[in-house]
Amino acid sequence: MLKLEAVNKSYNHSREPVTALHDVTLEVPQGDFLSIVGPSGSGKSTLLLILGGMLSPSGGRVLLDDRPIYSLTPDERARVRRENIGFVFQTFNLVPYLSALENVQIPLFLDGADEAVQKEKASALLERVGLAERMDHKPSELSVGQQQRVALARMLANDPRIILADEPTGNLDPAMTREIVQFLVEMNREGRTIVMVTHTPEAAKSAKRTLRLEEGVVYE
């Protein structure tokens, strides 16, 4: 379970404090599929990064399985992320000079897997997302939708039980949006927990429940 307890996050902008999150308390049980909606600048991406152990809160606690993750050292927190959490971003974050196969191998390489195991698992994941014929193509040789599917395959490389998706359909046309959303639904049916930030009503409706974030405050 992911849990936020009275989490606050503030920044300084032009020497003025800006509150991105205000006293957010939230529980995300294992197997949940939660969508988070709200206007731009409301704190949605900040919330997702804090949930994923990538951005320290200004106050409050973030717990994974009742363990406060920001009490861990940076190396310990990185290991927790690697072993439990997969991230999907609107911008894909693919390495431009690597092939689709090599991009998916990255998490396996970082985890110390044998090269043959890396290639075998990365190939299977690309086949799963429908890119068996495009494994040797670089990101610039793929469509936007295909790049997002490579990013999804890479996210699954370490078999995360939690998926944090930040506008995963933001750059996609309606047909590809439906495809990516259906993929996330399938991941959830397999038992993975999903928290998805989205502006897309169709994507939000695919979740089991939806929260709205406005000016750093969460509403059911």
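The structure this text deals with has already been given above.
What you see is a predicted model, and the numbers here were worked out from it, not measured in a lab.

Criteria and cut-off values
- Residues numbered from 1 in each chain as written.
- Predicted model: local features only at pLDDT ≥ 70, side-chain atom pairs only at ≥ 80, totals over all residues.
- Heavy atoms only, no water.
- Helix = DSSP H or I, 4+ residues; strand = E, 2+ residues; numbered from the N terminus.
- Rg over C-alpha atoms; globule rule 2.2 N^0.38 Å.
- Buried < 20%, exposed > 50% of the residue type's maximum accessible area, 1.4 Å probe, protein only.
- Areas by Shrake-Rupley, 256 points an atom, 1.4 Å probe, with all protein chains shown as cover.
- Pairing = 2+ DSSP bridges.
- Axes fitted to C-alpha atoms, helices over the stretch in contact; angles between N-to-C directions.
- Contact = heavy atoms within 4.5 Å.
- Parallel < 35°, antiparallel > 145°, perpendicular 65-115°, else oblique.
- Left-handed = near helix turned anticlockwise from the far one by under 90°.
- Nonpolar A, V, L, I, M, F, W, Y, C, P; charged D, E, K, R; others polar.
- Phe/Tyr/Trp six-rings, centres within 6.5 Å; stacked < 30°, edge-to-face > 60°.
- Lys NZ or Arg CZ within 6 Å of the ring centre and 35° of its normal.

**Overview of the overall build of the chain**
Part 1 of the argument: For the chain, the count of helices and strands is seven helices and ten strands.
Part 2 of the argument: In terms of overall size, the chain behaves like a compact globule, its C-alpha atoms giving a radius of gyration of 17 Å where 220 residues would be expected to give roughly 17 Å.
Part 3 of the argument: In terms of overall dimensions, the chain has C-alpha extents of about 50 × 40 × 40 Å along its principal axes.
Part 4 of the argument: A burial count over the chain gives 49% of its 220 residues as buried.
Part 5 of the argument: With an accessible surface of roughly 10,800 Å², the chain has 49% of that area assigned to carbon and sulfur atoms.

**A look at the sheet that holds strand β7 (residues 162-166)**
Part 1 of the argument: Pairing in this open sheet of six strands is mixed, and the strands run β6-β7-β8-β3-β9-β10 from one edge to the other. Bordering the open sheet on either side are β6 (85-89) and β10 (217-219), each of which pairs with just one other strand. Geometrically, the sheet is characterised by an average inter-axis angle of 20° between neighbouring strands, direction not taken into account.
Part 2 of the argument: Where strand β3 (residues 33-37) and strand β8 (residues 193-197) come together, four bridges link them in parallel fashion. The residue bridging I36 from the neighbouring strand is V197, located in β8.
Part 3 of the argument: In the packing of helix α2 (residues 74-84) onto the sheet, the strands contacted are β6 and β7, and the crossing angle to β6 comes to about 80°.
Part 4 of the argument: Against the sheet, helix α6 (residues 174-189) contacts β3, β7 and β8, and its axis sits at roughly 150° relative to β8.

**Focus on the packing of helix α3 (residues 100-110) against helix α4 (residues 115-128)**
When two helices pack together, their arrangement is captured by the angle between the axes and the distance separating the axes.
Part 1 of the argument: It is at 9 Å that the axes of α3 and α4 come closest, and there the two elements cross at 125°. One finds that α3 runs oblique with respect to α4. When the axes of α3 and α4 are compared, the crossing they make is right-handed. Note on element contacts: α4 touches α3 through Q118, K119, K121, A122, S123, L125 and L126, opposite A100, L101, V104, Q105, L108 and F109.
Part 2 of the argument: Among the residues forming the contact of α3 with α4, the class breakdown is eight nonpolar, three polar and two charged.

**Some words on the environment of M187**
Part 1 of the argument: Within the secondary structure, M187 sits in helix α6.
Part 2 of the argument: Sequence separation of M187 and I162 is 25 residues, and the distance between their C-alpha atoms is 9.7 Å.
Part 3 of the argument: With residues up to four places along the chain from it excluded, the contact list for M187 reads R128, L156, I163, R192 and I194.

**Focus on the packing of aromatic side chains**
Part 1 of the argument: Throughout the structure, instances matching the rule amount to one aromatic pair.
Part 2 of the argument: Ring centres of F87 and F89 lie 5.9 Å apart, and the angle between their planes is 0°; this geometry places the pair in the stacked category.
Part 3 of the argument: Judged by relative accessible area, which is 18%, F87 ranks as buried.
Part 4 of the argument: Among the residues examined, F89 registers a relative accessible area of 22% and is labelled partly exposed.
Part 5 of the argument: Sitting over the ring of Y11, K9 keeps its end group 5.5 Å from the ring centre.

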